[in-house]
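Each chain, letter by letter, is given below.
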Amino acid sequence: MQFGVVPRERFGFSVCSAVKAGRWVFLSGLFGGDLENGLAPEVLGRPGLPLAGLPRHRREGDAVLRRMVALLDESGAPLSNAVRLDQFYPTAAAVDPYHHARKACFGSLIPPSTSVLAEELLVDGAALDVSLIAVLPGHDMEPRRAIPPDVPVPEHSGFATSVAAGDYVFVAGQMANNEAMSELAGPAYRPAKAIWNGTDVRLQTEFLITSRLKPSLAAAGSSLANAVKAQVYLTDPADLPNFMDVWNRHFGDNPCALTVVTTSGLGFSDAVIEINLIALRDDGATQKQVIDDEASRPMRLGPAAVRAGDLVFLSGLYAADEDGLIPSARRAGHLKPFGGSAREQMRAILAASGRILEASGSALPNVVRAQHFYEDFGGFLASQQVWQEVLPDHPVPLQAVRLPPGPVPGCELVVDLWGYAPMDGA
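As a starting point, this report considers the structure included with it. (Residues numbered from 1 in each chain as written. Predicted model: local features only at pLDDT ≥ 70, side-chain atom pairs only at ≥ 80, totals over all residues. Heavy atoms only, no water.)

Examining the overall build of the protein
Turning to step 1, where the next piece is worked out: Helix and strand counts for the protein stand at nine helices and 23 strands.
Turning to step 2, where the next piece is worked out: A globule of 426 residues ought to have a C-alpha radius of gyration of about 22 Å, and the protein, at 20 Å, matches this closely.
Turning to step 3, where the next piece is worked out: Taking the principal axes of the C-alpha coordinates as reference, the protein spans close to 55 × 55 × 55 Å.
Turning to step 4, where the next piece is worked out: Across the 426 residues of the protein, 58% fall into the buried class.
Turning to step 5, where the next piece is worked out: Pairs at least 24 apart in sequence give 76% of the contacts found in the protein among residues at least 6 apart.
Turning to step 6, where the next piece is worked out: On the protein, roughly 16,700 Å² of surface is accessible, and the fraction owed to carbon and sulfur atoms is 53%.
Turning to step 7, where the next piece is worked out: Here the protein contributes 35 positive and 47 negative side-chain charges, whose respective centroids are spaced 2 Å apart. (Helix = DSSP H or I, 4+ residues; strand = E, 2+ residues; numbered from the N terminus. Rg over C-alpha atoms; globule rule 2.2 N^0.38 Å. Buried < 20%, exposed > 50% of the residue type's maximum accessible area, 1.4 Å probe, protein only. Contact = heavy atoms within 4.5 Å. Areas by Shrake-Rupley, 256 points an atom, 1.4 Å probe, with all protein chains shown as cover. Lys, Arg positive; Asp, Glu negative; His and termini not counted. Charge placed at Lys NZ, Arg CZ, Asp CG, Glu CD.)

What to know about the sheet that holds strand β8 (residues 120-121)
The strands that make up a sheet are held in pairs by hydrogen bonds between backbone atoms, and each pair lies either parallel or antiparallel.
Turning to step 1, where the next piece is worked out: Here seven strands make up an open sheet; going across it, the order is β8-β22-β21-β23-β18-β17-β16 and the pairing mixed. Each edge of the sheet is formed by a strand with only one pairing partner; in this case those strands are β8 and β16 (288-291).
Turning to step 2, where the next piece is worked out: As defined by bridge partners, strand β21 (residues 367-374) adjoins strand β22 (residues 398-402) across five bridges and the pair is classed as parallel. Bridged to His372 within β22 is Ala400. (Pairing = 2+ DSSP bridges.)

Let's talk about the pairing of β22
Turning to step 1, where the next piece is worked out: β22 sits mainly inside the fold: four of its five residues count as buried.
Turning to step 2, where the next piece is worked out: When β8 meets β22, the two strands line up antiparallel, connected through two bridges. Across the sheet, Glu120 pairs through a bridge with Arg402, a residue of β22.
Turning to step 3, where the next piece is worked out: Between β21 and its parallel partner β22, the chain crosses via helix α9 (residues 380-390), and the hand of that crossover is right-handed. (Right-handed = clockwise from strand over helix to strand, strands pointing away.)

Notes on the nonpolar core
Turning to step 1, where the next piece is worked out: Ranked by size, the top nonpolar core spans 94 residues in total, and within it Phe243 and Trp247 carry the most contacts.
Turning to step 2, where the next piece is worked out: Excluding its chain neighbours within four sequence positions, the residues that come into contact with Phe243 are Val201, Thr205, Val232, Leu258, Val260, Ile273 and Ile275.
Turning to step 3, where the next piece is worked out: Core analysis: the next-biggest nonpolar cluster, separate from the first, contains 29 residues, Val25, Leu27, Leu30 and Leu85 among them. (Core = buried A, V, L, I, M, F, W, Y, C linked by side-chain atoms within 4.5 Å.)

So, unusual backbone geometry
Turning to step 1, where the next piece is worked out: The phi dihedral of Asp150 is positive, around 65°, even though this residue is not glycine.
Turning to step 2, where the next piece is worked out: Locating Asp150 in the fold gives a position in the loop between β10 (144-146) and β11 (162-165).
Turning to step 3, where the next piece is worked out: Looking at Asp150, the relative accessible area reads 72%, which means it is exposed.

Notes on the packing of helix α5 (residues 200-219) against helix α6 (residues 240-251)
Turning to step 1, where the next piece is worked out: Put simply, α5 and α6 touch, their axes get as near as 8 Å, and they point 25° apart. Here α5 is positioned roughly parallel relative to α6, judged by the angle of their axes. Viewed along their axes, α5 and α6 form a crossing whose handedness is right-handed. The segment α5 lies against α6, with Val201, Arg202, Thr205, Glu206, Ile209 and Thr210 engaging Asn242, Phe243, Asp245, Val246, Trp247, Arg249, His250 and Phe251.
Turning to step 2, where the next piece is worked out: Classifying every residue of the contact of α5 with α6 by side-chain character gives six nonpolar, four polar and four charged. (Axes fitted to C-alpha atoms, helices over the stretch in contact; angles between N-to-C directions. Parallel < 35°, antiparallel > 145°, perpendicular 65-115°, else oblique. Left-handed = near helix turned anticlockwise from the far one by under 90°. Nonpolar A, V, L, I, M, F, W, Y, C, P; charged D, E, K, R; others polar.)

Structural notes on the packing of aromatic side chains
Turning to step 1, where the next piece is worked out: This model, assessed by the stated rule, comprises 14 aromatic pairs.
Turning to step 2, where the next piece is worked out: Between Trp24 and Phe170 the ring centres are 6.3 Å apart and the planes differ by 65°, which places this aromatic pair in the edge-to-face class. You can see Trp24 sitting in strand β3 (residues 24-30) and its partner Phe170 sitting in strand β12 (residues 168-174), a full 146 residues away along the chain. Here the two residues Trp24 and Phe170 agree in accessibility, since each one is buried. (Phe/Tyr/Trp six-rings, centres within 6.5 Å; stacked < 30°, edge-to-face > 60°.)

Have a look at this one:
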């Protein structure tokens, strides 16, 4: 069930803000207004009194969270059943006011959260774009907070490090900071004068996996072997080979779906990487199933997908072959004002996604979460119209942000999809 739908007559493609699928609710691309009118008047404030009332970004945070609560109410899920939050900001100035709004809304029950800086959001002037995942009451899915020892949570953020919901475990985005957020944790620290005493991204990746992710999973009854989906944000795309080398030492024999993108900045200035994770409980009935699709191997960094119960997690896809950007997108590069390359890239990504979802027991119309990471918004409209061509009757649960260029020249788009795969009898 989709709601919060903007019909295709408005933009040439159709989007939705929320999807209800089985026991899950997915809210996507929430900002302080609507696509018809932009930012709401209460966010913009009164032009003649710009400093009247609450701070500008606090008003924006409040507006986003009101929209979130309204959509959850419509779905039947209480706010206390939220299990994951993702936030993108084009300015760090929005973060602290939003945190005040978030605490006022969630109280002490803020779910695992990931926040990163982006270059730009879709709506002019917006400083906050949020997605949320929640579970419906019943189904033995009531969220349970897990508090791992020695995994710090910044006091100003206040989110749960990890939450278990049924057989699923959600782990917040982790950086290699110490508890006081004053410096890197000891094992992740490379002294500035120690020129070849390790590599920042290798040290931080190893530390995050062994000292942040593993304890967070263990506290909720899970382990790295049962990880099903990871998102990784790098501050420098050149760090990708070193990251992958360390990552594959831990996950090479038992991979999880993996999306890696470049971020404009993280919440701790010395951090070069942030990782969030979803896993299954070790003693749960739900089993992890790795899905293969040989044709898409050059398009991704992890396995094609991992199915876990009624959810299918795809690795992030970009339109590449063994030589880089696919030929059709290179040929269409001269049509940049028309989004020619972006259109071809999306067409290739959706073709691969459809095959992978079908191999997983799902289908492209069953996409419940669609994060689009653009290098250039110039191709946004053309690329989204491809969705309409492929799925004319299915609005896209869209979250789209602009991030710095990634590791493959010309690949201006990474798409991270989740699918719903109803269980037998569901």
